[in-house]
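Residue-level listing of the chains:
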Amino acid sequence: MVDVILGLQWGDEGKGKIVDFFAKDYDLVARFQGGPNAGHTLYVGAEAKKVVLHQIPSGVFHQGTINLIGNGVVLDPVTLRRECDTVASFGVDVRKNLFISERTHLILPTHRALDKAAELSKGDSKIGSTLKGIGPAYMDKTGRNGLRVGDLLGKNFTTSYIRLRLKHQRLLDNYNFNEDITAWEEEFFEAIDFLRSLNIVNGEYFLNDNISKGKKVLAEGAQGSMLDIDFGTFPFVTSSNTISAGVCSGLGVAPQKIREVIGVSKAYCTRVGSGPFPTELHDQTGEELRKLGNEFGATTGRPRRCGWMDLVALQYACMINGVTSVVMTKADVLDTFEELSICTGYRIDGADTNQVPFQMTRSPIEPVYETLQGWHTDSSGCKSEADLPAPMRSYVSFINERLGAPVTYISNGPGRDQLVTL
Ligand code: GDP
Ligand code: IMO
Ligand code: MG
C-alpha cells in the first residue's frame, strides 16, 4: 500500500514539513521524481534545528523509517554527499536507512553547465531554472544517453562518462559557454566514490517486496502540479511528472497499490522563477504575503512571487492527481489580513471559465475573485479545530465546497507540532 504526499501549486507548499510529520506512520518514504531543484524545509530534534533537504526523502529523521531515492529522481552525487553529512550530524546513519535505486539517473557537472548555458541563451524568456542541471539530465534520460547509479558499479563508468562529457562539450561550445568546470568535476568524482559506498538497490523489487510484506510506503513529491512537465504552465515547468502518475513510473509501483493522495496547498499562492501566475499581486498585499510568509526560496534564496489562492488551478491539480484530501499550509500567514480574496474563475478575452487553458500566456487572464472576511487573530497557537477562528473555518468550507476533496489538516506555523486536524 502506497500513500502519496505532493504539491498542488508551484512548489514550496510545505511538503517537507508534512512528510516529516506523517513519516512516523510509515515504514518507508520514497522520492519519485525531481532532484536537487527541490528544497524541503524541516525542523528537527528537541532544539528544532532547521534543515533543508534537496535529495534525501523527508522521512530520514525518523528512526525505523527507511528512505528510498527512486528511479524517477535525478541525482547529483555532490549534493547528496553534502546532505548525508548534514543528516549524519543529527546522528542519522545513512548506511542503514537510505537506499538508492540503481536506475536513478545521475546529474553530471556538464548538466549543470548546460542548464546555465541554456538559460543564458534564452535571455528574457528564461525559465528561471534552479540551475541544478535538472532539464539537461532528464533530456539525457529521454534521449537515452544518461548515466545511472547502477552504472557506477560496472567497469566502464569512466569511459561512459568521458564519452557523454565530450557530447556535452560540443553542445557547450555551440552556446559559446567556456566556464572552467574542473573544480566541479573533482568534487563530482569524490562524491561518486562516496555514492558507491551507499546502499544501491534494485529499487522496484526493493519497494514491491516491502509492500508485499505489508509495509506502509509514503511517496514524497517534489515541485508542484503546476510545474508538471505535461500539465503545468509549459514551458515554464520542471522536467518531470510531479503529479501522482509519476509515482508509478518513478518508483515502479502499480496504480492499484496507491491508496491516499494527499495534496499540499498553501492558503495563498507563490511561485519562484518565470511563467504565468494569474493571481500574482504586484502591490503592497503581495509584499505583505512575502514578508509574513518569509517567501524566499529554500534552494536558491530568490524572493517568491506571491498572490491570492487560485481555486481554478487548485481544482485542476486535484483532478489530475486524484487527490483524496488536502493539507492547507501557512494559514497563519493570513492572520493579519482584513479581507481575503479567492480566485474562483478566469476571465479570458471577455469570457468566464473555470478551466485552466492550454496556454496561460496566450491571452491575459483576469482572475475573478470572491472576497471573504479575514480572521484577525493569531492562529499559530491553535491546537484543535475548536480553537480555530470562525472566519478561518468559513475560508476552509468555501474551499471544500469547490474542490471535491476535503481539507483535513491546517498547518499554522513551520513547527513540527503546528498542525490542526479537521
Ligand atoms: P516544500 O518545498 O514544499 O517542502 O516547502 P519549502 O520548505 O520550500 O517552503 C515552505 C516554507 O514554509 C518553509 O520555510 C517552511 O518552514 C515554512 N512552513 C511550512 N508550513 C508552514 C506553516 O504552516 N506556516 C508558516 N508560517 N510557515 C510554514
Ligand atoms: P520544491 O520541491 C519551487 C521551479 C524553478 C523554475 C522551474 C524549472 O522545493 O517545491 P528546474 O530547476 O526544475 O529546471 O526549474 O521550476 N522549481 C521550483 N519551484 N519549488 C521547487 O521545488 C522547485 N523546483 C523547481 O524555480 O521556475
Ligand atoms: Mg521548496
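Residues numbered from 1 in each chain as written. Chains lettered and ligands numbered in written order. Predicted model: local features only at pLDDT ≥ 70, side-chain atom pairs only at ≥ 80, totals over all residues. Heavy atoms only, no water.

**Overview of the overall build of the chain**
Part 1 of the argument: Each helix and strand in the chain was counted, giving twelve helices and 20 strands.
Part 2 of the argument: Relative to the globule expectation of 22 Å for 422 residues, the C-alpha radius of gyration of the chain, 21 Å, shows essentially globular dimensions.
Part 3 of the argument: If you line up the chain on its principal axes, its C-alpha atoms span 65 × 50 × 40 Å.
Part 4 of the argument: The burial tally for the chain puts 56% of its 422 residues in the buried class.
Part 5 of the argument: Residue pairs at least 24 apart in sequence account for 76% of intrachain contacts in the chain once pairs closer than 6 positions are excluded.
Part 6 of the argument: Just so you have it, the chain exposes about 17800 Å², and 49% of that area is on carbon and sulfur atoms.
Part 7 of the argument: If the 44 positive side-chain charges of the chain are averaged to one point and the 50 negative ones to another, these points end up 6 Å apart. (Helix = DSSP H or I, 4+ residues; strand = E, 2+ residues; numbered from the N terminus. Rg over C-alpha atoms; globule rule 2.2 N^0.38 Å. Buried < 20%, exposed > 50% of the residue type's maximum accessible area, 1.4 Å probe, protein only. Contact = heavy atoms within 4.5 Å. Areas by Shrake-Rupley, 256 points an atom, 1.4 Å probe, with all protein chains shown as cover. Lys, Arg positive; Asp, Glu negative; His and termini not counted. Charge placed at Lys NZ, Arg CZ, Asp CG, Glu CD.)

**Considering the nonpolar core**
Part 1 of the argument: Judged by nonpolar contacts, the single largest core of 54 residues is most densely connected at Leu68, Val247, Leu251, Met328, Leu334, Tyr395 and Ile399.
Part 2 of the argument: Top contributing element to this core by residue count: helix H12 (residues 390-403), with six residues.
Part 3 of the argument: When residues of this core are assigned to domains, at least three map to each of domain 1 (2-102 + 200-262) and domain 3 (265-421).
Part 4 of the argument: Contacts of Leu251, omitting those with residues within four sequence positions, involve Ala30, Arg31, Phe32, Leu68, Gly70, Asn71, Glu204, Leu207, Ala219 and Gly246.
Part 5 of the argument: Judged by nonpolar contacts, the second largest core, of 33 residues, contains Leu42, Val73, Val149 and Phe194. (Core = buried A, V, L, I, M, F, W, Y, C linked by side-chain atoms within 4.5 Å. Domains from an automatic or database assignment.)

**Some points on the site of ligand 2**
Part 1 of the argument: Around ligand 2, the structure places 21 residues, and the nearest of them are Asp12, Lys15, His40, Thr130 and Thr238.
Part 2 of the argument: Between an oxygen atom of ligand 2 and a main-chain N or O atom of Asp12, the distance comes to 2.8 Å.
Part 3 of the argument: Interatomic distance of 2.8 Å between a backbone N/O atom of Gln223 and an oxygen atom of ligand 2.
Part 4 of the argument: In isolation ligand 2 has 550 Å² of accessible area, and contact with the protein removes 97% of it.
Part 5 of the argument: Taken together, the residues that form the shell around ligand 2 break down as eight nonpolar, ten polar and three charged. (Near = heavy atom within 4 Å. Polar contact = N/O pair within 3.5 Å; in protein donor to acceptor, adjacent residues only side chain to side chain. Nonpolar A, V, L, I, M, F, W, Y, C, P; charged D, E, K, R; others polar.)

**Describing the packing of helix H4 (residues 109-122) against helix H7 (residues 182-196)**
Part 1 of the argument: Between H4 and H7, the shortest axis-to-axis distance is 9 Å and the interhelical angle comes to 140 degrees. Looking at the two axes, H4 sits oblique to H7. Residues Pro109, Arg112 and Ala113 of H4 lie in contact with H7, whose contacting residues are Trp184, Glu185, Glu187 and Phe188.
Part 2 of the argument: Split into classes, the residues belonging to the contact of H4 with H7 amount to four nonpolar, no polar and three charged. (Axes fitted to C-alpha atoms, helices over the stretch in contact; angles between N-to-C directions. Parallel < 35°, antiparallel > 145°, perpendicular 65-115°, else oblique.)

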